[in-house]
Amino acid sequence: MGLLAWLGLKQGGSFPNLDALLKELRAALPDDEAVVLRYIATVIVLLGKVACVDGRFSSKEDELLRELLTHVDGLAPSGVDAVFNALQGKLPALQEGEVDRCYRELKALCNARERVEVVRLLIRLAAADGAPTPAERAEITSIAEELGVPLAEIEPDLSGQVGGGPTSAPTAPDEQRDPGGDTRG
């Protein structure tokens, strides 16, 4: 993969599933910068991985994920549906390189505090339908390690009721916020 493709400036077959999700996001949010779309796609993919890791996508997880998508500024209900459907269709086919790219993107785009908020959001999604399953706990632990987030400081025991998470989707990284106060995420 070339540097332009890694930066998201050149489309090409290296990441077919992420590219499909980004295509839906570009259609739903045509005025947003590519970096903001990549951030949103990355968070959505990680949320989807946690939701699907236990072999099911529960109605409560579905409901919370759709609610979080409605917090993305400018994403109309039809866009929420399109992104959600693209996510569900592509998650099982995600390649290891695509997931690795998601980790690299978040580490490059977000500071440590913002990555903690993403992990808290993952914990919240896992707890949407009750206590996180062992598979969900393992997936969150793995993601937190990849992102350099000290999970023990956020949620020492993922087996009980998870709390302290954000009430909405995390905002876009500090560097990507519009000076007029518009936050995307």
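Going by the structure above, here's the rest.
Note that residues are indexed from 1 along each chain, following the sequence as it is written. Residue-level local features of this predicted model are given only where pLDDT is at least 70; pairs of side-chain atoms are given and counted only at 80 or more, and the full residue set underlies all totals for whole chains, interfaces and linings. Water and hydrogen atoms were dropped before computing side-chain values, which therefore reflect all heavy atoms in the structure.

Turning our attention to the side chain of Arg115. Strands are runs of DSSP state E lasting at least 2 residues, helices are runs of H or I lasting at least 4, and numbering of each runs from the N terminus. In this structure, Arg115 sits in helix 7 (residues 112-126). Relative accessibility thresholds used throughout: buried, under 20% of the residue-type maximum; exposed, over 50%; partly exposed, between the two (1.4 Å probe, protein chains only). Here Asp and Glu are counted as negative and Lys and Arg as positive; His is not counted, and neither are the chain ends. When a carboxyl oxygen of Asp or Glu lies within 4 Å of a side-chain nitrogen of Lys or Arg, that pair is called a salt bridge. Within the buried core, Arg115 has no salt-bridge partner, and the shortest N-O distance to an opposite charge, that of Glu114, equals 7.0 Å. Here a residue-residue contact requires only that any non-hydrogen atoms of the pair lie within 4.5 Å. In contact with Arg115, not counting residues within four places along its chain, are Leu106, Lys107, Cys110, Leu147 and Val149.

Moving on, we get to the environment of Glu139. The residue Glu139 is located in helix 8 (residues 134-147) in this model. It is 7.8 Å that separates the C-alpha atoms of Glu139 and Lys49, two residues lying 90 residues apart in sequence. Apart from residues no more than four positions distant in its own chain, Glu139 is found in contact with Lys49, Val50, Val53 and Tyr103.

Further remarks concern the packing of helix 3 (residues 34-52) against helix 7. To define axes, lines are fitted to C-alpha atoms, for helices over the stretch in contact only, and angles between the resulting N-to-C directions are given on a 0 to 180 degree scale. Following both chains from N to C, one finds helix 3 and helix 7 inclined at 35°, their axes separated by 9 Å at the closest point. The way helix 3 lies across helix 7 gives a crossing that is right-handed. Of helix 7, the residues touching helix 3 (which contributes Tyr39, Val43, Leu46, Leu47, Val50 and Ala51) are Val118, Leu121, Leu122, Leu125 and Ala126. A class-by-class count of the residues in the contact of helix 3 with helix 7 yields eleven nonpolar, no polar and no charged. Here a crossing is called left-handed whenever its near helix is offset anticlockwise from the far helix by less than a right angle, and right-handed whenever the offset is clockwise. For this classification, the nonpolar set comprises Ala, Val, Leu, Ile, Met, Phe, Trp, Tyr, Cys and Pro, the charged set comprises Asp, Glu, Lys and Arg, and every other residue, Gly included, is treated as polar.

The next thing to look at is the pattern of salt bridges. Counting across every chain of the model gives eight salt bridges. With a closest N to O distance of 3.9 Å, Arg113 and Glu114 form a salt bridge. Via salt bridges that share partners, Arg38, Arg101 and Glu105 belong to a single interconnected network.

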